[in-house]
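# Examination of the molecular architecture
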Amino acid sequence: VNGLASGKFYTVKVEKAANDVFGIGKYDLKVGYGFDPVSAATTTSTSYTSDSGTNNTTATATTLAPVAGSANKLYEVNAKIESTTDVDFYRITAPATTPNPLTVTVTPAQAYGLYTKVTVFNSGGSVVTSDVLANGPDGRLVVQVASPVAGASYFVKVEGVGRNGAGLTGNYTLSVDFT
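Residues numbered from 1 in each chain as written. Predicted model: local features only at pLDDT ≥ 70, side-chain atom pairs only at ≥ 80, totals over all residues. Heavy atoms only, no water.

### Remarks on the overall build of the chain
- Summing up its helical and strand segments, the chain has 1 helix and 9 strands in all.
- Starting at the N terminus and walking to the C terminus, you meet the elements of the chain as α-β-β-β-β-β-β-β-β-β.
- Within the chain, the proportion of its 179 residues that are buried is 34%.
- In the chain, of all internal contacts separated by at least 6 residues, the share reaching a separation of at least 24 is 77%.
- For the chain, the exposed surface amounts to about 11000 Å²; the carbon and sulfur share of it is 51%. (Helix = DSSP H or I, 4+ residues; strand = E, 2+ residues; numbered from the N terminus. Buried < 20%, exposed > 50% of the residue type's maximum accessible area, 1.4 Å probe, protein only. Contact = heavy atoms within 4.5 Å. Areas by Shrake-Rupley, 256 points an atom, 1.4 Å probe, with all protein chains shown as cover.)

If you want it as C-alpha cells, here you go:
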C-alpha cells in the first residue's frame, strides 16, 4: 500500500470469503513497513507421521490427545495414506458436555493430491450417522456428526479413495472439532 502517512494508525480487516464451510480456515497475515513481503515470506515445514500400517483397525487406532488450550474440543494430526490399501484409524473422546456437533476435516497437504473418505464409528464399532458438508474438488473433505454423545469415545477412519485413479495416497491434516 503506497501513500501512507507517518504516525497514523491503520487497521487491517480479515473477513471470510464465503458463508459456507469454506468461509473458515487458517491464514497467514504479515504487516510491516519497508520490506518486501514476498521475499520476506518464510516457508514452514510440516512433518507428516508415517504409521507404517500400525493403526489400520479400531483395535490399533491411534489415540489423539486434545490440542492444548482447546478445552478438549479440538484434535489434530498430520498423517499419511501410504498405500492404496492403507487406512488410518484415530480414537478421540468427546468433551464431557457436548452441545456442538463433531466436525471432521481432512485437508490434503497438496491440493488435488489426495482424495479421502471419512467414516465415524462409536466405541462399539458401529458406524455413526454423519453428513458430508463439503467434498471439494481440491480434496478437502468435511464430515459432521450432528449430535455426538458427551464423554463418548469415537473412532475416525480415513482412507484414500482417489478420483479417476489419482489421489489415492498422500499426506493430510486431520482435524476433529467439537466447537
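### Things to note about the sheet that holds strand β7 (residues 141–145)
- The 5 strands are arranged β2-β9-β4-β7-β6 in an open sheet whose pairing can be described as antiparallel. Only two strands of the sheet have a single neighbouring strand rather than two, namely β2 (74–81) and β6 (131–135). In this sheet, adjacent strand axes meet at a mean angle of 15° when their direction is disregarded.
- Direction of pairing for β6 relative to β7: antiparallel, over a ladder of 4 bridges. What sits directly across from D131, in β7, is Q144. (Pairing = 2+ DSSP bridges. Axes fitted to C-alpha atoms, helices over the stretch in contact; angles between N-to-C directions.)

### Digging into the side chain of E159
- Assignment of secondary structure puts E159 in strand β8 (residues 153–160).
- Looking at E159, the relative accessible area reads 17%, which means it is buried.
- Among all residues touching E159, those that are not within four sequence positions of it are I81, D86, V87, Y115, T116, K117 and T119.

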